[in-house]
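Examination of the molecular architecture
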Amino acid sequence: MSICTAFTEMLSVRHPIVSAPMGGAAGGALAAAVGAGGGLGLVGGGRGDRVQVERELRLVTENATAPWGIGFQTWSVDRATVEHALSFGPAAMLLSFGDPTPLAAVVREAGVRLIIQVTDTEEARCALDVGADVLVAQGSDAGGHCSAEGIGTLSFVPTVVDLAGDVPVLAAGGIADGRAIAAALALGAAGVMIGTRFQATHEALVSAELSKTLVDAVGADTELNRTLDIARGAPWPHEYPARTLRNAFLDRWRGRDEELRADAAALREYREAEAREDFAVAPVWAGQAVDRVTSIESATELVGVLAEETDAALRRITRREN
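Residues numbered from 1 in each chain as written. Predicted model: local features only at pLDDT ≥ 70, side-chain atom pairs only at ≥ 80, totals over all residues. Heavy atoms only, no water.

**Quick notes on the overall build of the chain**
- Within the chain, the secondary structure is distributed over 15 helices and eleven strands.
- What you see for the chain is a C-alpha radius of gyration of 19 Å, in line with the 20 Å of a compact globule of 322 residues.
- By principal-axis analysis of the C-alpha atoms, the chain measures approximately 60 × 45 × 40 Å.
- By residue count, 55% of the 322 residues in the chain fall in the buried class.
- Accessible surface, the chain: about 13300 Å² in total, of which carbon and sulfur atoms supply 47%. (Helix = DSSP H or I, 4+ residues; strand = E, 2+ residues; numbered from the N terminus. Rg over C-alpha atoms; globule rule 2.2 N^0.38 Å. Buried < 20%, exposed > 50% of the residue type's maximum accessible area, 1.4 Å probe, protein only. Areas by Shrake-Rupley, 256 points an atom, 1.4 Å probe, with all protein chains shown as cover.)

Structure, rendered in structure tokens:
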């Protein structure tokens, strides 16, 4: 069984399911496992740490049996790192969070499919102008960084689909089961990109404790904040806060970001607790669909489960229409 869309045909994968390039979680093993299941796995290149990127790219090239890709945070990565990553032969590269113009031509000239994640219509138009092969429409339901002014995935995806014309669009944000994938396809998307659900897999670069935290969480436990980026010294652009699980540190500092920025003792305390992976302090990136993360499983098997759920949901819709 396969689910054929314009995206699956373009990338030569069986299912229109992409694992998000989550920095610190999406390594080469996860990308290879997603590919083995019939989806497209993306290595998380993050801010372009060359040592980390090369380690994970070597791992995926040694183990992948299907197309794979890599994603970078556009605001922080340089051309040399992108060119180095392209030398490993990915099928696709995703650029997100920032102006893709300086790097888009580098990717396209390498013959690699250019995927650009967008969080508003202005970013979508820019992505189309620079020749994106695929857009990812990320709604504010998403875990991790997203737009401060963003709208929900259900509302945002059709707008981007209408703007994109023949360019395939992937939906992202709040998608963690086959029903949500079927809904995205019904909205006109050619597939989905999923983050939180793939964090809770055996191949993800996260601890067992973090995985259990995700399994125990519900969507109402999440909130958008800049506080944890300030605490960990991550210089993210102001327009991209992050959705994380609430914790004691956020409760203590909510609404006091500028005060926290100037409190050296609090910052030192935070970093010591983060190093211990104390989740009363450290961030757990999670989207509003975290309720549907109920177990830890193989990423390869998860792709198959998601595809079967999607097929079942689409069949139910068809029966009702008939």
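**Details of the pattern of salt bridges**
- Within this structure, the stated rule accounts for 18 salt bridges.
- We note a salt bridge from Lys-212 to Asp-216, for which the minimum N-O separation is 2.7 Å. Note that Lys-212 and Asp-216 are positioned in helix 10 (residues 208-216) at a spacing of four residues, about one turn of the helix. The pair Lys-212 / Asp-216 is uniform in exposure class, with both members exposed. (Salt bridge = Lys/Arg side-chain N within 4 Å of Asp/Glu carboxyl O.)

**Remarks on the sheet that holds strand 7 (residues 144-145)**
- Read from one edge to the other, the open sheet built from three strands follows the order 7-11-10, with strand pairing classed as antiparallel. Each edge of the open sheet carries a strand with a single partner, namely strand 7 and strand 10 (222-225).
- As paired elements, strand 7 and strand 11 (residues 242-245) share two bridges and run antiparallel to each other. Looking at the pairing, Gly-144 lines up with Arg-243 of strand 11. (Pairing = 2+ DSSP bridges.)

**Examining the nonpolar core**
- In this structure, Met-93 and Phe-198 are the most contacted members of the largest nonpolar core, which totals 76 residues.
- Setting aside anything within four residues of it in sequence, one finds Met-93 in contact with Ile-70, Phe-72, Val-82, Ala-85, Leu-86, Val-107, Val-112, Arg-113, Leu-114 and Ile-115.
- Grouped together as the second largest cluster of nonpolar side chains are twelve residues, Ile-230, Ala-231, Phe-249 and Tyr-270 included. (Core = buried A, V, L, I, M, F, W, Y, C linked by side-chain atoms within 4.5 Å. Contact = heavy atoms within 4.5 Å.)

**Some points on the side chain of His-84**
- The topology assignment puts His-84 in helix 4 (residues 79-86).
- With sequence-adjacent residues up to four places away left out, His-84 is seen in contact with Arg-50 and Glu-54.

**Re the sheet that holds strand 5 (residues 113-118)**
- Taken in spatial order, the eight strands close into a barrel running 1-2-3-4-5-6-8-9, and their pairing is parallel. Going across the sheet, the axis of each strand differs from the next one's by a mean of 25 degrees, ignoring polarity.
- With respect to the sheet, helix 8 (residues 178-186) is in contact with strand 1 (17-19), strand 8 (169-172) and strand 9 (191-194), its orientation differing from that of strand 9 by roughly 135 degrees. (Axes fitted to C-alpha atoms, helices over the stretch in contact; angles between N-to-C directions.)

**Remarks on the packing of aromatic side chains**
- Under the criterion given, the structure shown has six aromatic pairs.
- Taken together through their ring pairs, the aromatic side chains of Trp-75, Phe-97, Trp-236 and Tyr-240 make up a single cluster.
- Positioned over the ring face of Trp-253 is Arg-256, at 4.2 Å from the centre of the ring. (Phe/Tyr/Trp six-rings, centres within 6.5 Å; stacked < 30°, edge-to-face > 60°. Lys NZ or Arg CZ within 6 Å of the ring centre and 35° of its normal.)

**With respect to the pairing of strand 3 (residues 68-73)**
- Extensive coverage of strand 3 is indicated by the burial of six of its six residues.
- Along strand 3, one buried face is formed by Trp-68, Ile-70 and Phe-72 and the opposite face, lined by Gly-69, Gly-71 and Gln-73, is buried too.
- The sheet contact formed by strand 2 (residues 40-44) and strand 3 spans four bridges and is parallel. Its bridge partner lying in strand 3, Gly-44 is registered against Gly-71.
- In this fold, strand 2 hands off to helix 3 (residues 50-63), which returns the chain to strand 3; that crossover is right-handed.
- In terms of strand pairing, strand 3 meets strand 4 (residues 92-96) through five bridges, oriented parallel. The partner of Ile-70 across the bridge, within strand 4, is Met-93. (Right-handed = clockwise from strand over helix to strand, strands pointing away.)

**A short note on the environment of Val-284**
- By the element assignment, Val-284 lies in the loop between helix 14 (264-275) and helix 15 (299-321).
- Between the alpha carbons of Val-284 and Asn-247 there is a distance of 9.0 Å; along the sequence they are 37 residues apart.

**Describing the environment of Phe-249**
- Its place among the elements puts Phe-249 in helix 12 (residues 248-253).
- Here the alpha-carbon distance between Phe-249 and Ala-231, two residues 18 residues apart in the chain, equals 9.6 Å.
- Apart from the residues within four sequence positions on either side, Phe-249 is in contact with Thr-227, Leu-228, Ala-231, Leu-260, Ala-266, Tyr-270, Ala-280 and Val-281.

**Some points on helix 6 (residues 121-129)**
- When we look at burial in helix 6, the residues that qualify are Glu-123, Ala-124 and Ala-127. For helix 6, the angular spread of buried residues about the axis comes to 105 degrees, placing them on one side. Opposite the buried face of helix 6, at more than 90 degrees from it, the exposed residues are Glu-122 and Asp-129.
- Here the buried face of helix 6 lies against strand 5, strand 6 (134-138) and helix 7 (153-164).
- Capping the start of helix 6, Asp-120 holds a side-chain oxygen 3.2 Å from the backbone nitrogen of Glu-122, two or three residues further along.
- Two residues or fewer past helix 6, Gly-131 is found with a positive phi of approximately 90 degrees. (Arc of directions from axis to C-beta. Polar contact = N/O pair within 3.5 Å; in protein donor to acceptor, adjacent residues only side chain to side chain.)

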